[in-house]
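If you want the building blocks of each chain, they are given just below.
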Amino acid sequence: MTEETRFVYDATKAVDPLGDLEEEAGKQAKHNRAKVGSARPSSLLYTYGPGSIMDLPQFTVMPTGLDDWEQIWRRRDSLPPTIHAPRLRDAVRKMLRSPDVQLRPHPWQPKKNSRSAEGNDLGVPARVFPQWLRCTGCDMLGMLSQFDYKNTHPFRTDLAGFEHAKCTGRSGNPSRKVMRRTAIPARYLLACADGHLDEFPYELWVHHGQPCTKAEMPALKMVDRTAGKGASAMIKCASCDMQRPMNEAQGEAGKDKLPRCRGRHPHLDAFEPGGCGKDTRLMLVGASNLWFPATQSIIVMPESQKEEADDLADRIRITLGDKLGKYRQHLDMIRDLLEGRVDVTALSDHELQAILETASAPQATPEELEEELRDWDPVDLLVPEWRYLLPDIDGKRVEDLKSGLTLATRQRGEQLQPEVTRVLAVEKLRKVNALVGFTRIDDMDRVGDLPRRLAPLTRTPRPTWTVATEDRGEGIFLQLDEDRVAAWEKRIGDTSLWQAHREAHQRNFERRFSETAVHVPADSRLKPPRYWLVHTFAHILIRELALTCGYSAASLSERLYAWPAAEGREPAAGLLICTTASDSDGTLGGLVQLSDPTRLQRVVAGALRKARRCSSDPVCSTRTPRTPEDFLHGAACHCCVMASETSCERANRFLDRRFLTDLPGSNLGYFSAHE
């Protein structure tokens, strides 16, 4: 299979809702409007990105692939904006196997007020999915074309919806007055582990894989009287009176009754050539395992001169394209071509020539990119941040305007635990997050393990951009004593508790990532003891900080620097508790104020004191995974340590209070000697 035939796609079905809107307006008819709802940038990245299903008040939609987003950007003459984060951009290029990927924000522009027209030419394109609907009045089950769409109010997108125009009610009496009744999505889908998603074949299901004997286009009904209780609906054929319950498709027994996967990517309106052929499983619209984003993020740090030069060369290469080689020796022509696009006015001819040489260097081949990806570790994104935060800063405060990072020194409180050796107040920071794909059914710890499980964002095999968000915020950085951490980690490695965690992780890894486990040792995905320590410490701090900082616990997040020494990488043991948002809500100052020595030592002492007790003890304090259990935490539960989904970078895995403080029957606590 060549890269050019990766997907089967009908170009006539491209989604351009704003273009459709203009076409309707040209007919001078009362048209249905293009806008159907709105969402925050973070929501469109982590919850409702391309390929997910978004619940609207009356129906559901699926944001399409980035190919369709490109049509939205082209509606403007100016170049699409980009987000400057070279370190993240280079990592995304490895993952997407494309040397020209740029980071772009969502196609959006703020409005002066709710009725102004700024940004009306922008928006995230989406298609209605699933396209099987059920009438709430008569239970008719039909395709989208059998219902009327209504969305004519310019400022009430919540009124947009589908209606059954000729509903006669459940009695089916033709003499009854015909009414317009709302239609809602039929909530069943088929999904496979390789990221494909398809409509449920209701007609084949009710007829056990055979055509209806009474009608070529049978009339179907979905009778559902217990919404919210799984696959409880009954599918009926009004033409031949056959019926079949949906619960037959559930569980292991239902797998054999479902068709094989067709390899459909509805967000791309495309199929894998030759189909997929894997087993499918029943999926409900709104299920939490329908869409897992694969994202990477960085805290933007000040760049060195070499990094700035390399970034400038990269922007010149992408901007000029083939013209770079043609006009490389004509510096005046190069300056004219870059005017208004890339600023090189401050460069001398000698400096520009050096930059052009870097820009003209051969790009990595697909094979080289594949090899780089195999050797790449997500920790590589954290190492530059750790190295920048590690040394003492010059003076009491340092601010870098380009990166947006502002650090301030803080003295250690006299009563602060000696295991915490250093504190920094991060008064301002900028965090950039990028989407590289998504998975279904199971989350993916690392995209390089099984590339086929990572569903693509575009039909083209070499995308030129991906969507990213830019958040600003503040935080507190704590560094732990490396010598004490190393000695503690060595002691933990020989304990029966750690062996139990290793064995549980092995079982979990083989059950959830069985194909990956054939090629990847489970221990290479098990976080080291110091990570469990730093992770658990971060969680109890988030809980304690939320009581007084002015932010909710769900608004605080962790960034963990915890890895042992490796080739080219010094050991790390530290954490950054931060809050970020796309607006000023991330920089109100309440979190930084708690880095004051007196306040911080009270926070740390209070967090450790509360970690010694849990309302679920002694069950929680003694929880240790045993065969056949495969949970990835120990003495941790939602009453004591676990945090909200927005706060934790590991979905509440790799947590154990016994690594922080001595609990009854345990003397493994890192902080126990000085509590």
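All of these numbers come straight from a predicted model, not from anything done at the bench.

Caption draft 1: Structural detail: a negative patch on the surface. Residues Glu367, Glu368, Glu371, Glu372 and Asp375 make up a contiguous surface patch of negative charge. Its place among the elements puts Glu367 in helix α11 (residues 366-375).

Caption draft 2: Here's a closer look at the pattern of salt bridges. Inspection of every chain in the model, using the stated rule, returns 43 salt bridges. The partner of Glu248 in a salt bridge is Lys257, and the shortest N-O contact between them spans 3.9 Å. Taking relative accessible area as the criterion, Lys257 reaches 40% and is therefore assigned partly exposed. Taking the shortest distance from any N to any O, the salt bridge between Lys255 and Glu252 comes out at 3.4 Å. With a gap of 3 residues between them, Lys255 and Glu252 both fall in helix α6 (residues 251-255), about one helical turn apart. Of the residues examined, Lys255 reaches a relative accessible area of 26% and is grouped as partly exposed. Salt bridges here are not isolated pairs; linked through shared partners, they connect Arg89, Asp90, Arg93, Asp100, Asp311, Asp314, Arg315 and Arg317.

Caption draft 3: Region of the structure containing the packing of aromatic side chains. Here the structure, examined in full by the defined rule, presents 22 aromatic pairs. Residues Phe200 and Tyr202 carry aromatic rings whose centres are separated by 5.2 Å and whose planes lie at 55 degrees to one another, so their mutual orientation is tilted. Here Phe200 and Tyr202 have matching classes, each one buried. Summarising the aromatic geometry, the rings of Trp291 and Phe438 are spaced 5.9 Å apart at their centres and angled 35 degrees between planes, so their arrangement reads as tilted. Of this pair, Trp291 sits in the loop between β18 (281-284) and β19 (292-299) while Phe438 sits in strand β22 (residues 420-439); the two residues are 147 residues apart in sequence, bridging distant segments of the chain. With respect to class, Trp291 is no different from Phe438; both count as buried. Put simply, the rings of Trp488, Trp498, Tyr531, Trp532, Phe537, Phe654, Phe659, Tyr670 and Phe671 pair up and form one aromatic cluster. Over the ring of Trp205 we find Arg244, and its NZ or CZ is 3.6 Å from the ring centre. Above the ring of Tyr531, the side-chain terminus of Lys527 is found at 5.2 Å from the ring centroid.

Parameters at a glance
- The residue numbers shown here count from 1 along each chain, following its written sequence.
- Owing to the predicted nature of the model, reporting of local features is limited to residues with pLDDT of at least 70; listing and counting of side-chain atom pairs is limited to 80 or more, with chain, interface and lining totals taken over all residues.
- Processing note: side-chain calculations cover all non-hydrogen atoms of the structure and skip hydrogens and water entirely.
- Each patch is assembled from residues with relative accessible area greater than 30% and no salt bridge, linking like charges that lie within 9 Å and nonpolar side chains (Val, Leu, Ile, Met, Phe, Trp, Tyr) that lie within 5 Å.
- Methods summary: accessible areas were calculated by the Shrake-Rupley approach with a probe of 1.4 Å, and residue burial reflects only the protein chains presented.
- A pair is scored as a salt bridge if a Lys or Arg side-chain nitrogen falls within 4 Å of a carboxyl oxygen belonging to Asp or Glu.
- By the counting scheme adopted, Arg and Lys are positive, Glu and Asp are negative, and His together with the chain ends is not counted.
- Here the site of a charge means atom NZ of a Lys, CZ of an Arg, CG of an Asp or CD of a Glu.
- Numbering goes from the N terminus for both helices and strands, where a helix is a DSSP run of H or I of at least four residues and a strand is a run of E of at least two.
- Three labels apply to residues, based on accessible area from a 1.4 Å probe with only protein chains included: buried if under 20% of the type maximum, exposed if over 50%, partly exposed otherwise in between.
- Within 6.5 Å between ring centres, the rings of Phe, Tyr and Trp (the latter by its six-membered ring) count as paired, and their orientation is classed by plane angle as stacked under 30 degrees, edge-to-face over 60, tilted in between.
- Two conditions define a charge sitting above a ring: the NZ of Lys or the CZ of Arg must be within 6 Å of the ring centre, and it must be within 35 degrees of the ring normal.

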